[in-house]
Amino acid sequence: MTQDLFVGRFASRERLDELRTLNVTDILNVSDTPSQLTADDGPFRSVTWIDIEDRTLIPTDIAINAIDTIHRSLTHDGGRVYVHCMAGWNRSPTILWLYLIACGIESDDAARLICANAFDAVPGHSLLVDSNLIATVQTHGRENYLPHERPSAIAAP
């Protein structure tokens, strides 16, 4: 995705070496299944699970919690964040897309950035977001994330 943001499939034990190679510092699991990895496995600073149901509108408070988690992790001491769900197609790309648009990136540009690196991704999936959620996330981002502390962390590589 970017030099510090990654999106993909479930962070299983089989993917641990890959996450270590990427120097991931924080993992955000947005699937409906608990994480397999712990902070000690990385070692990671955090492994956070925010239960999001697939193909259902993401409640606003859960979306804000997820993007706040990304922002805290990314802006803390050079964070490198891996966001995942089960397949890496809907929920994780959509949460990352919401974060990027909260950071002031145009929705189409954010979608192109994600899809250029995660070919099966559907960022901004129409079953997961609506115009009210998008507007709320954009307002939340303007009020809390901008100007961004690490603009290079959200820029295309």
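Going by the structure above, here's the rest.
In short, a report on the structure. Computed from a predicted model, the values in this text were never measured in an experiment.

**Remarks on unusual backbone geometry**
Between Gly42 and Pro43 the backbone carries a cis peptide bond, its omega angle lying at 0 degrees. Position of Pro43 relative to the elements: it lies in the loop between β2 (26-29) and β3 (46-49). The omega torsion of the bond from Leu146 to Pro147 falls at -5 degrees, within 30 degrees of zero and hence cis. Of note, Pro147 is situated in the segment after α5 (131-144). A positive phi angle, close to 60 degrees, is found at Arg55, a residue other than glycine.

**Here we look at the side chain of His84**
Checked against the element boundaries, His84 lands in strand β4 (residues 81-84). With a relative accessible area of 1%, His84 lands in the buried category. At 3.4 Å, the side chain of His84 forms a polar contact with the backbone nitrogen of Ala11. The residues touching His84, leaving out its near neighbours within four places in the chain, are Gly8, Arg9, Phe10, Ala11, Ile27, Leu28, Asn29, Val30, Ser31 and Ser92.

**Quick notes on the environment of His140**
Tracing the backbone shows His140 in helix α5. Along the primary structure His140 and Asp68 are separated by 72 residues, whereas in three dimensions their C-alpha atoms are 9.5 Å apart.

**Side note on the nonpolar core**
Core analysis: the largest hydrophobic core is formed by 39 residues, its most contacted members being Leu5, Ile95, Leu98, Tyr99 and Leu100. Looking at this core, the elements with two or more residues in it are β1 (5-8), α2 (60-75), β4, α3 (91-102), α4 (107-117) and α5. Tallying contributions element by element places α3 first for this core, with eight residues. Beyond its immediate stretch of four places on either side in the chain, Leu100 contacts Met1, Leu5, Ile105, Ala110, Leu113, Ile114 and Ile154. Membership of the second largest hydrophobic core comes to nine residues, among which are Leu16, Val24, Leu37 and Phe44.

**So, the sheet that holds β2**
Strands sit in the order β1-β4-β2-β3 across an open sheet of four strands; the sheet is parallel. The open sheet has two free edges, formed respectively by β1 and β3, since each of these has just one partner strand. Neighbour-to-neighbour, the strand axes of the sheet open up by a mean angle of 15 degrees, direction not taken into account. Both β1 and β4 contribute to a ladder of four bridges, which runs parallel. Pairing of Phe6 across the sheet is with Tyr82, part of β4. Sitting on the sheet, α3 touches β1, β2 and β4, and the angle it makes with β1 is about 155 degrees.

Rules used in this analysis
- Residues numbered from 1 in each chain as written.
- Predicted model: local features only at pLDDT ≥ 70, side-chain atom pairs only at ≥ 80, totals over all residues.
- Heavy atoms only, no water.
- Helix = DSSP H or I, 4+ residues; strand = E, 2+ residues; numbered from the N terminus.
- Buried < 20%, exposed > 50% of the residue type's maximum accessible area, 1.4 Å probe, protein only.
- Polar contact = N/O pair within 3.5 Å; in protein donor to acceptor, adjacent residues only side chain to side chain.
- Contact = heavy atoms within 4.5 Å.
- Core = buried A, V, L, I, M, F, W, Y, C linked by side-chain atoms within 4.5 Å.
- Pairing = 2+ DSSP bridges.
- Axes fitted to C-alpha atoms, helices over the stretch in contact; angles between N-to-C directions.

That is the geometry; function is a separate question.
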